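# Structural description and commentary
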Amino acid sequence: MAILVTGGTGYIGSHTVVELHQQGLEVIIVDNLSNSKTVVLDKIETISGKRPIFIEADIRDSQALDDIFSEYNIDAVIHFAGLKAVGESVAQPLRYYDNNVVGSLRLLESMAKAKVHNIIFSSSATVYGSPERLPIDEDCALRTTNPYGTNKLQIEQMMGDLCTSDQNWSVVALRYFNPVGAHSSGLIGEDPSGIPNNLMPFITQVASGLREQLSVFGNDYDTPDGSGIRDYIHVVDLAIGHVKALAMFKQSIGFNAINLGTGNGYSVLEMVESFERVNQLKIPYQISPRRPGDIASCYAQPDKAYAVMGWQAEKGLDQMMKDAWHWQSKNPKGYQ
Ligand code: NAD
Ligand code: UD1
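Being a predicted model, the structure only gives us computed values, none of them experimental. The residue numbering used here restarts from 1 in each chain and proceeds along that chain's sequence as written. Ligands are numbered from 1 and chains lettered from A, in the order in which they are written. It should be noted that, the model being predicted, local features are given only for residues of pLDDT at least 70 and side-chain atom pairs only at 80 or more, the latter also being counted only at that level, while totals for whole chains, interfaces and linings use all residues. Hydrogens and water molecules were not included; the side-chain quantities draw on all heavy atoms of the structure.

## Let's talk about the site of ligand 2
Residues in contact with ligand 2 amount to 18 residues; listed here are only the nearest, Leu199, Ser215, Arg230, Arg291 and Asp294. Separating an oxygen atom of ligand 2 from a backbone N or O atom of Asn197 is a distance of 3.5 Å. Polar contact is defined as a pair of N or O atoms within 3.5 Å, subject to the rule that within protein one atom must be able to donate a hydrogen and the other to accept it, and that residues adjacent in sequence are counted only when both atoms are side-chain atoms. In this structure, an oxygen atom belonging to ligand 2 sits 2.9 Å away from a main-chain N or O atom of Leu199. The Shrake-Rupley method, run with a 1.4 Å probe sphere, supplies the accessible areas, and residue values consider only the shown protein chains as cover. Compared with its free state, where it exposes 730 Å², ligand 2 has 86% of that area covered by protein. Strands are runs of DSSP state E lasting at least 2 residues, helices are runs of H or I lasting at least 4, and numbering of each runs from the N terminus. It is strand E8 (residues 214-217) that provides the largest number of residues to the shell around ligand 2, a total of 4 residues. Classification convention: Asp, Glu, Lys, Arg as charged; Ala, Val, Leu, Ile, Met, Phe, Trp, Tyr, Cys, Pro as nonpolar; all other residues, Gly among them, as polar. Its residues placed into classes, the shell around ligand 2 shows 8 nonpolar, 7 polar and 3 charged. Proximity is defined per residue: any heavy atom of the residue falling within 4 Å of a molecule or strand makes that residue near it.

Right, dumping it as structure tokens:
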């Protein structure tokens, strides 16, 4: 089987390519390198003993996509390519609609032309907005609060409409909760450009001395210690979820949305405490005002993933903390 992985040199994509290789699958990556570097390909090769085929192209370039589909015998697509910064999406909505929604549209058009009808899409728990109930199951109301979230929802809807129009299509939209950690080799991991927006890379950069202290955004939420609660999931568990989802394509299955989370929620202060304990390091922090747009709690009801594809998260919080620090301490400046 050959799998086309869009955005395959990125954080989640690179970990997924390693897992695909471990299953003996052929991988073709298409990425425009807007948020990744080709050195990732060397690291993937070191870990898995195999180098993926790499094509530098933008998914909005229909000709480039058509050429890929005609050159390679592709069975399924895993679609990671996209811009992902919430704040940036509020400031530059048209750029986000163009890259994420138009990019996905062009990809689906090329797939339709090539008669490749199987796709796994990187969706996000952000489609639940401020969640209707906790834990969040897939039937919770979908209501987004920023252009990035709306992009994810519109892409899911476009894929759903396609499945309604033609029963050959099979779509698995994986709604990720909060991916953290890195491959246990310490060779691949998250490499944010500039000041990290997300909690985990901020903690590891404080630990390595790149940042002075962590700002804990709010200690007055309606949670046991007042800080925000999220469902953190090890990126390798997430990657394995994509391999499991591929097995669903043995028959046409229409549109399926599936949560990928652990079902456990941890607060910001619990994350800090856990990082300190596991890695024997101190993380200086200050309590700061709430970050606009943040919610108190978000964690998954992950049972559907187990029921339909036999997947559940295996790695706990200690492993996430250990692997995140292993990557950061081996690569203090990321891939540079
Ligand atoms: P990432 O930025 O590390 O990887 C995305 C990759 O896509 C990058 O390598 C980038 O160069 C590439 N890319 C972007 N636009 C492209 C385009 N137009 N054409 C070709 N390549 C393009 O991000 P990630 O954390 O690995 O996330 C992967 C996917 O998962 C994204 O769609 C993201 O929205 C989604 N997601 C991520 C998280 C998270 O916390 N990391 C959570 C939920 C969903
Ligand atoms: C954010 C995005 C979400 C996206 C997800 C991907 C926002 C509003 N939401 O989710 O759409 O799918 O990333 O990973 O950006 N925190 C601090 N200090 C920090 C950074 C974060 O206290 O320096 C807190 C936050 O307030 C939150 C928790 O840590 O309570 C997790 O934050 P983050 O890692 O940014 O993830 P989300 O906000 O859940």
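Moving on, there is more to tell.
## Section: helix H9 (residues 268-279)
In this model, H9 (12 residues) spans 17 Å end to end at C-alpha, consistent with the 16 Å of a helix rising 1.5 Å per residue. Type-normalised accessible area, obtained with a 1.4 Å probe on protein chains alone, sets the label of each residue: buried when under 20%, exposed when over 50%, and partly exposed for intermediate values. Within H9, burial applies to Val268, Leu269, Met271, Val272, Ser274, Phe275, Glu276 and Asn279. By definition in these notes, contact holds between two residues if any of their heavy atoms fall within 4.5 Å. Residues of H9 that are buried in the fold lie against helix H7 (199-207), E8, strand E10 (232-234), strand E12 (266-267), strand E13 (285-288) and helix H11 (317-330). Phi turns positive one or two residues past the end of H9, at Gln280, with a value near 55°. Helix span is expected to be 1.5 Å times the residue number reduced by one.

## Some words on the packing of aromatic side chains
Two rings belonging to Phe, Tyr or Trp (six-membered ring only in the last case) form a pair when the distance between their centres is within 6.5 Å. Interplanar angles under 30 degrees mark stacking, angles over 60 mark edge-to-face geometry, and anything in between is tilted. The tally for this structure, following the rule as stated, stands at 2 aromatic pairs. An angle of 85° between the planes, with centres 6.0 Å apart, marks the rings of Phe275 and Trp325 as edge-to-face. Note that Phe275 is positioned in helix H9 and Trp325 in helix H11, a separation of 50 residues in sequence. The buried category is assigned to Phe275, whose relative accessible area is 0%. Their ring planes at 55° and their centres at 5.0 Å tell us that Trp327 and Tyr335 sit as a pair that is tilted. Only when the NZ of Lys or the CZ of Arg is both within 6 Å of the ring centre and within 35 degrees of the ring normal is a charge said to sit over the ring. Its guanidinium or amino end placed over the ring of Tyr221, Arg290 lies 4.0 Å from that ring's centre, counting from NZ or CZ.

## With respect to the sheet that holds strand E4 (residues 76-79)
Spatial ordering of the open sheet is given by E3-E2-E1-E4-E5-E6-E11, a layout of 7 strands whose pairing is parallel. Unpaired on one side and paired on the other, strand E3 (53-56) and strand E11 (254-260) mark the two borders of the sheet. Adjacent strand axes in the sheet meet at a mean angle of 20°, parallel and antiparallel pairs treated alike. Two strands qualify as a pair provided that DSSP identifies no fewer than 2 bridges between them. Bridge count between E4 and strand E5 (residues 118-124): 3 bridges; the pairing is parallel. Looking at the pairing, His79 lines up with Phe121 of E5. Simply put, an axis is a line fit to the C-alpha atoms, just over the touching stretch for a helix, and the angle between two N-to-C directions goes from 0 to 180 degrees. Helix H1 (residues 11-22) contacts strand E1 (2-6), strand E2 (26-31), E4 and strand E6 (170-176) of the sheet and is inclined by roughly 165° relative to E2.

## Considering the site of ligand 1
Among the 26 residues in the neighbourhood of ligand 1, the closest are listed as Asp31, Asn35, Ser36, Lys84 and Tyr148. Measuring from an oxygen atom of ligand 1, one finds a backbone N or O atom of Ser34 at 3.1 Å. Here Lys152 contributes a side-chain N or O atom positioned 2.9 Å from an oxygen atom of ligand 1. Relative to its free-state accessible area of 820 Å², ligand 1 is covered by the protein chains to the extent of 95%. Along the lines of polarity and charge, the residues of the shell around ligand 1 split into 10 nonpolar, 12 polar and 4 charged.

## Let's talk about the sheet that holds E12
Read from one edge of the open sheet, 3 strands run E12-E9-E14, paired in mixed fashion. One side of each edge strand has no neighbouring strand; the edge strands of this open sheet are E12 and strand E14 (297-298). As paired strands, strand E9 (residues 229-230) and E14 are joined by 2 bridges and run parallel to one another. Note on E14: the bridge partner recorded for Ile229 is Ser297.

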